[in-house]
Amino acid sequence: MTDKDTPPSLWSPRSVDDTKKIYADWADTYDRDVTDMAYATPSRVAAALRGLKVDVTTPVLDFGCGTGLSGVALRQAGFETVDGTDISSQMLAHADVKTLPDGPVYRNTWLGDPDTIDIAKGAYDTIVATGVISLGAAPASLLATLVGLLPRGGHIAFSFNDPTLKDQSYINALDDVLHSQLADLKFREHGPHLNEKVTGSDVIVLKRK
């Protein structure tokens, strides 16, 4: 991918409608483009969960699953059942048809509503939000919402890319969750994200109290 091919203002604040348009326009080439950019965060998130010995037999929710690259990483890391949701119907269409040798990547997928989180509390012991709670995507406030959906002892794994790490609202959101005793920090590591434009990300895993 060259700079001219990257969606404009990808890591800048914008409206939900603008976000949906960017990903609608990008859906058909997204996998190829980010693979060319050595997209590393999905596999890092999956590896972090495995390193914490999170139960691979219970269903995982891939929140903001996009075209399904995070789901692929989770399944390849040994997680047996993954469900996915995204607000982009165009991206979700690609996730729907992703398969591995043992079958479809996702058990279930559904189109999400950015104004309503239609997930029952405690429905998933593990929630993954790779690249979702970030500048130019979902607001910082989503972190507390997703943590609140977990049962006691449940895990959420997510990432803050380099531009997001420079935005104090996202740092504050993480601090608020930790200081309010909603969850404990179990893993945090900076590492590769993309080899162009945004070179790194923090992978973070919290455990619900």
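Rules of the game
- Residues numbered from 1 in each chain as written.
- Predicted model: local features only at pLDDT ≥ 70, side-chain atom pairs only at ≥ 80, totals over all residues.
- Heavy atoms only, no water.
- Salt bridge = Lys/Arg side-chain N within 4 Å of Asp/Glu carboxyl O.
- Helix = DSSP H or I, 4+ residues; strand = E, 2+ residues; numbered from the N terminus.
- Buried < 20%, exposed > 50% of the residue type's maximum accessible area, 1.4 Å probe, protein only.
- Pairing = 2+ DSSP bridges.
- Phe/Tyr/Trp six-rings, centres within 6.5 Å; stacked < 30°, edge-to-face > 60°.
- Axes fitted to C-alpha atoms, helices over the stretch in contact; angles between N-to-C directions.
- Contact = heavy atoms within 4.5 Å.
- Nonpolar A, V, L, I, M, F, W, Y, C, P; charged D, E, K, R; others polar.

**A closer look at the pattern of salt bridges**
This model, assessed by the stated rule, comprises 6 salt bridges. Of the charged contacts in the structure, one is a salt bridge between aspartate 102 and arginine 75, with a shortest N-O distance of 2.5 Å. Of this pair, aspartate 102 sits in the loop between strand 3 (99-100) and strand 4 (103-104) while arginine 75 sits in helix 4 (residues 69-76), and the two are 27 residues apart along the sequence. Assessed through its relative accessible area of 61%, aspartate 102 is described here as exposed. By relative accessible area, arginine 75 is classed as buried at 12%. Notably, a salt bridge pairs lysine 209 with aspartate 184, separated by 3.2 Å at the nearest N-O pair. One end of the pair, lysine 209, is in the segment after strand 9 (200-208); the other, aspartate 184, is in strand 8 (residues 183-192), with 25 residues separating them in the sequence. Lysine 209 sits in the partly exposed class, given a relative accessible area of 28%.

**Focus on the pairing of strand 7 (residues 155-161)**
A regular strand places its side chains on the two faces of the sheet in alternate fashion. Summarising burial for strand 7: 7 of the 7 residues are buried, a large majority. Going residue by residue along strand 7, you find His155, Ala157, Ser159 and Asn161 tucked away on one face and Ile156, Phe158 and Phe160 tucked away on the opposite face as well. Bridge count between strand 6 (residues 126-129) and strand 7: 4 bridges; the pairing is parallel. Of the residues in strand 7, the one forming a bridge with valine 128 is alanine 157. Examined bridge by bridge, strand 7 and strand 9 share 7 bridges and lie antiparallel to one another. Each residue of the ladder has a partner; that of phenylalanine 158, found in strand 9, is isoleucine 204.

**Side note on the packing of aromatic side chains**
Inspection of every chain in the model, using the stated rule, returns 2 aromatic pairs. Judged by centre distance (6.0 Å) and plane angle (75°), the rings of phenylalanine 160 and tyrosine 170 are edge-to-face. One end of the pair, phenylalanine 160, is in strand 7; the other, tyrosine 170, is in helix 8 (residues 168-179), with 10 residues separating them in the sequence. Accessibility classification places phenylalanine 160 together with tyrosine 170 in one group, the buried group. Aromatic rings pair up to connect Phe158, Phe160 and Tyr170 into one cluster.

**Quick notes on helix 4**
For helix 4, the tally of buried residues reaches 6 of 8 residues, placing the bulk of the element in the interior. All buried positions along helix 4 are accounted for by Ser70, Gly71, Val72, Ala73, Leu74 and Arg75. Phi for glycine 78, located one or two positions after helix 4, is positive at around 110°.

**Some thoughts on the sheet that holds strand 8**
What the 7 strands build is an open sheet, ordered 5-2-1-6-7-9-8; its pairing is mixed. Pairing within the sheet leaves two strands with one partner each, and these edge strands are strand 5 (109-111) and strand 8. Each strand axis lies, on average, 15° off the axis of its neighbour in the sheet, ignoring direction. Strand direction decides the pairing type here: strand 1 (residues 60-63) and strand 2 (residues 82-86), joined by 4 bridges, are parallel. Residue pairing across strands places phenylalanine 63 opposite threonine 85, the latter belonging to strand 2. The strands touched by helix 5 (residues 89-96) within the sheet are strand 2 and strand 5, with strand 5 carrying the most contacts at an inclination of about 170°.

**Considerations on the packing of helix 6 (residues 142-149) against helix 8**
Taken N-terminus to C-terminus, the directions of helix 6 and helix 8 make an angle of 35°; their axes are 9 Å apart at the nearest point. Contacts between helix 6 and helix 8 involve Leu143, Ala144 and Val147 on the former and, on the latter, Ala173, Leu174 and Val177. Of the residues belonging to the contact of helix 6 with helix 8, the class tally is 6 nonpolar, no polar and no charged.

**What about the environment of proline 139?**
Here proline 139 shows up in the loop between strand 6 and helix 6. Look at proline 139 and you get partly exposed, because its relative accessible area is 48%. Each C-alpha atom of the pair proline 139 and tyrosine 170 lies 8.0 Å from the other, and the pair is 31 residues apart in sequence.

By themselves, these figures tell us nothing about what the structure is for.
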